[in-house]
Amino acid sequence: MTDRIYNVLFLCTGNSARSILAEAILNKEGAGRFRAYSAGSQPKGSVNPHALQELNALGYDTTGFSSKSWDVFSGLDAPEMDFIFTVCDSAAGEACPVWIGHPMTAHWGIEDPAAVEGSEVEVQRAFAQAARFLKNRITAFINLPIASIDRMALEQHVRQIGSLDGASVKSTGDA
């Protein structure tokens, strides 16, 4: 076992829902082994209240979250990332900043629960489903033997995680 803590950045365009859900889930589920962050290419400026409501319902800490630009993590004083995962198709297609340390990247896209229109129950269901899909991916990720497999194999595994149940069109390779 290693005492190393891996830094993970979840990216989404608005950094208000999916990336926030992923940050909270990994910080709790991977406690002691992973430190999660989230950011967006065009941050909305506030966290979606449905995301916080879902995290609260699942027993995750909801304090301290903010919708912020990915530029926060591209400077010299930013923590060096080991992994960067895009969780929305829009962010996956954008030109990202140059990340210090050449982190491993993968696309784990799922549909945007914040885009769901309908009743309060339908919106809550969309957020619950997004959280479940992200937790499944994160569980698969934290169970990888990161310290003991070579980079190529690890990269293949983290990319395959993006095609788990609930993968968006871009994640599955369908067009």
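Anyway, here's the lowdown on the structure attached to this text. (Residues numbered from 1 in each chain as written. Predicted model: local features only at pLDDT ≥ 70, side-chain atom pairs only at ≥ 80, totals over all residues. Heavy atoms only, no water.)

Side note on the overall build of the chain
- Of regular secondary structure, the chain possesses 6 helices and 4 strands.
- Counting from the amino terminus, the chain carries its helices and strands in the arrangement β-α-β-α-β-α-β-α-α-α.
- Across the 175 residues that make up the chain, the buried fraction comes to 46%.
- Of the contacts made within the chain by residues no fewer than 6 positions apart, 74% connect residues no fewer than 24 positions apart.
- Only carbon and sulfur atoms are counted for the fraction: they give 50% of the accessible area of the chain, which is about 8,700 Å². (Helix = DSSP H or I, 4+ residues; strand = E, 2+ residues; numbered from the N terminus. Buried < 20%, exposed > 50% of the residue type's maximum accessible area, 1.4 Å probe, protein only. Contact = heavy atoms within 4.5 Å. Areas by Shrake-Rupley, 256 points an atom, 1.4 Å probe, with all protein chains shown as cover.)

Thoughts on the state of the cysteines
- Taken as a whole and judged by the stated rule, the model has 0 disulfides.
- With no disulfide of its own, Cys12 has Cys88 as its nearest cysteine by sulfur position, at a separation of 3.1 Å.
- Here Cys12 falls in the buried class, since its relative accessible area comes to 6%. (Disulfide = S-S within 2.5 Å.)

Regarding the side chain of Asp82
- Relative to the elements of secondary structure, Asp82 occurs in the loop between α2 (49-57) and β3 (83-86).
- Overall, Asp82 belongs to the buried group, its relative accessible area being 17%.

Considering helix α1 (residues 18-29)
- Spanning 12 residues, α1 covers 16 Å between terminal C-alpha atoms, matching the ideal 16 Å at 1.5 Å per step.
- Counted residue by residue, α1 has 9 buried out of 12 residues, so it is predominantly covered.
- Along α1, the positions that sit buried rather than exposed are Arg18, Ser19, Ile20, Leu21, Ala22, Glu23, Ala24, Ile25 and Leu26.
- Those residues of α1 that are buried lie in contact with β1 (6-12), β2 (34-40), α2 and α4 (120-142). (Expected span 1.5 Å × (residues − 1).)

So, the pattern of salt bridges
- Summed over the entire model, instances satisfying the criterion amount to 4 salt bridges.
- Across the salt bridge formed by Lys135 and Glu29, the nearest N and O atoms sit 3.8 Å from each other. Residue Lys135 is found in helix α4, and its partner Glu29 is found in helix α1; the two are separated by 106 residues along the sequence.
- Residue Lys135 is classed as partly exposed on the basis of its relative accessible area of 34%.
- Note that Arg159 is salt-bridged to Glu155, the shortest N-O span being 3.0 Å. Of the two residues, Arg159 and Glu155 both sit in helix α5 (residues 151-161), 4 residues apart, roughly one turn of that helix.
- Owing to a relative accessible area of 46%, Arg159 belongs among the partly exposed residues under this scheme.
- Classification of Glu155 as partly exposed rests on a relative accessible area of 22%. (Salt bridge = Lys/Arg side-chain N within 4 Å of Asp/Glu carboxyl O.)

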